[in-house]
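Reading the structure
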Amino acid sequence: MQDEPYCIHLFFVDVLFFPGTYDQRTSSSRPVKQRTTVQQSKSSSSVSSPESAKKLHPRPSDKLNPKTINPFGEQSRAPSAFAAIYSKGGIPCRLVHGSVKHRLQWECPPENLPFDPLLITLAEGLRETKHPYTFVSKEGFRELLLVKGAPEKAIPLLPRLIPVLKAALVHSNDEVFERGLCALVQLSVIVGPSLNDHLKHLLTSLSKRLMDKKFKEPITSALQKLEQHGGSVSRTFLVKSHF
């Protein structure tokens with residue numbers, strides 16, 4: 001207690017005669033405190049941010065509502081040819097979401113649209129695996145083949161259309177294969193015997209899937225329809241191919 005007046009006296013001497021020394025001591029301690037405050041604020045903001053909250057506590061609805069592709073937004077990787085054409089408005093129809101089922105809304109009557117290259121583009125879209133491309137390609141292909149004058153428009157495109165359908169039939173994705181098989185049957189209804197010359201390019205793909213039990217029935221049904229719409233030539237060809 002006796003040394004306390006002496007220490008106070010030295011303190012005032014330092015302040016009065018050596019102010020720079022006191023300023024340096026006080027200023028040197030401020031940045032440390034400021035840095036600590038900034039670090040604490042950053043850590044607290046990162047924990048309380050909405051994005052971090054979602055990562056730490058995912059919502060149950062995230063599993064029930066998986067993300068779909070936004071065809072007009074930026075993609076993390078290069079889009080497919082069909083996706084690029086669709087996003088640029090190259091396919092004159094749009095998906096309309098309904099409460100029970102979806103439907104397509106065409107910008108003009110489908111019968112006024114040229115099949116070349118629209119029908120081929122829709123066939124290429126059968127290999128898509130993301131919504132809405134899967135629905136647009138499948139439904140668009142079906143509806144385009146139902147228009148008046150479809151046989152005359154589709155038959156000249158068969159040499160270019162068959163390789164595209166074959167690509168869907170050899171795809172590793174089961175749903176892509178099913179869409180390709182359905183499209184092939186729809187095409188046979190429209191073009192009839194004109195498809196016979198191209199069957200040899202397709203049957204190899206079908207024979208490989210025929211070994212799978214879950215596809216045996218739909219493939220057998222498809223072959224029967226190909227025979228029905230292709231006539232006697234188609235029947236003879238299928239028999240020679242051991243179907």
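Just so you know, these numbers come straight off a predicted model, no measurement behind them. (Residues numbered from 1 in each chain as written. Predicted model: local features only at pLDDT ≥ 70, side-chain atom pairs only at ≥ 80, totals over all residues. Heavy atoms only, no water.)

1. Here we look at the overall build of the protein
Looking only at helices and strands, the protein has 12 helices and two strands in total. Start at the N end of the protein and walk to the C end: the helices and strands fall as α-α-α-α-α-β-β-α-α-α-α-α-α-α. Burial analysis of the protein (243 residues in total) assigns 31% to the buried set. A fraction of 67% describes how many contacts in the protein between residues 6 or more apart in sequence connect residues 24 or more apart. In the form shown here, the protein has an accessible surface area of approximately 16,100 Å², with 57% of it arising from carbon and sulfur atoms. (Helix = DSSP H or I, 4+ residues; strand = E, 2+ residues; numbered from the N terminus. Buried < 20%, exposed > 50% of the residue type's maximum accessible area, 1.4 Å probe, protein only. Contact = heavy atoms within 4.5 Å. Areas by Shrake-Rupley, 256 points an atom, 1.4 Å probe, with all protein chains shown as cover.)

2. Points about the environment of Val189
Here Val189 is to be found in helix α10 (residues 174-191). Residue Val189 is classed as partly exposed on the basis of its relative accessible area, which comes to 45%. Note: C-alpha distance between Val189 and Leu146 (43 residues apart in sequence) is 10.0 Å.

3. Comments concerning the packing of aromatic side chains
Counting across every chain of the model gives four aromatic pairs. Connected via pairs of aromatic rings, a cluster forms that spans Phe82, Tyr86 and Tyr133. Above the ring of Tyr86, the side-chain terminus of Arg94 is found at 4.5 Å from the ring centroid. If you follow Arg209 out to its NZ or CZ, it ends over the ring of Phe177, 4.6 Å from the centre. (Phe/Tyr/Trp six-rings, centres within 6.5 Å; stacked < 30°, edge-to-face > 60°. Lys NZ or Arg CZ within 6 Å of the ring centre and 35° of its normal.)

4. Let's talk about the pattern of salt bridges
Scanning all chains against the criterion turns up four salt bridges. In this structure, the salt-bridge partner of Arg209 is Asp174, at a minimum N-O distance of 3.0 Å. Within this pair, whereas Arg209 is found in helix α11 (residues 200-210), its partner Asp174 is found in helix α10, the two being separated by 35 residues in sequence. Across the pair Asp174 and Lys214 runs a salt bridge whose closest N-O atoms are separated by 2.6 Å. (Salt bridge = Lys/Arg side-chain N within 4 Å of Asp/Glu carboxyl O.)

5. A closer look at the pairing of strand β2 (residues 103-106)
Only one face of β2 is covered, namely the one carrying Leu104 and Trp106; the face carrying Arg103 and Gln105 has none of its residues buried. Inspection of the sheet shows strand β1 (residues 93-96) paired to β2 by four bridges, in the antiparallel sense. Bridging across to β2, Leu95 finds its partner in Leu104. The hairpin formed by β1 and β2 contains six residues between the paired strands. (Pairing = 2+ DSSP bridges.)

6. Structural notes on the side chain of Gln186
By secondary structure assignment, the location of Gln186 is in helix α10. Apart from the residues within four sequence positions on either side, Gln186 is in contact with Phe141, Arg142 and Leu145.

7. A few points about the packing of helix α7 (residues 133-145) against α10
Axis separation between α7 and α10 bottoms out at 10 Å; the angle between their running directions is 10°. When the axis of α7 is compared with that of α10, the two are roughly parallel. Across the interface between the two elements, Thr134, Lys138, Phe141, Arg142 and Leu145 from α7 touch Arg179, Ala183, Gln186, Leu187 and Ile190 from α10. Of the residues that constitute the contact of α7 with α10, the class distribution is five nonpolar, two polar and three charged. (Axes fitted to C-alpha atoms, helices over the stretch in contact; angles between N-to-C directions. Parallel < 35°, antiparallel > 145°, perpendicular 65-115°, else oblique. Nonpolar A, V, L, I, M, F, W, Y, C, P; charged D, E, K, R; others polar.)

8. Some thoughts on the nonpolar core
With 52 residues, the main nonpolar core has Phe115, Leu119, Leu187, Leu195 and Leu206 as its most contacted residues. Here this core takes nine residues from α10, the largest share from any one element. Look past the residues within four positions of Leu119 in its chain and what remains in contact with it is Phe141, Leu144, Leu145, Ala154, Leu157 and Leu161. (Core = buried A, V, L, I, M, F, W, Y, C linked by side-chain atoms within 4.5 Å.)

9. What to know about unusual backbone geometry
A cis amide bond links Asp116 with the next residue in sequence, Pro117, at an omega value of 10°. Mapping Pro117 onto the fold places it in helix α6 (residues 115-124). With an omega of 15°, the peptide bond between His131 and Pro132 qualifies as cis. With respect to the helices and strands, the residue Pro132 is situated in the loop between α6 and α7.

10. A few points about the confidence of the model for the protein
This prediction gives the protein a mean pLDDT of 78; 66% of its residues lie at or above 70. Counted against residues more than four places away or in other chains, residues 6-17, with its pLDDT under 50, gives four contacts. For residues 41-56, every residue scores under 50 in pLDDT, and the model assigns this stretch two contacts once sequence neighbours within four places are set aside. (pLDDT = per-residue confidence, 0-100.)

11. What about the side chain of Thr134?
On the secondary structure map, Thr134 appears in helix α7. If near-sequence neighbours (up to four positions away) are discounted, Thr134 is found in contact with Glu128, Thr129 and Arg179.

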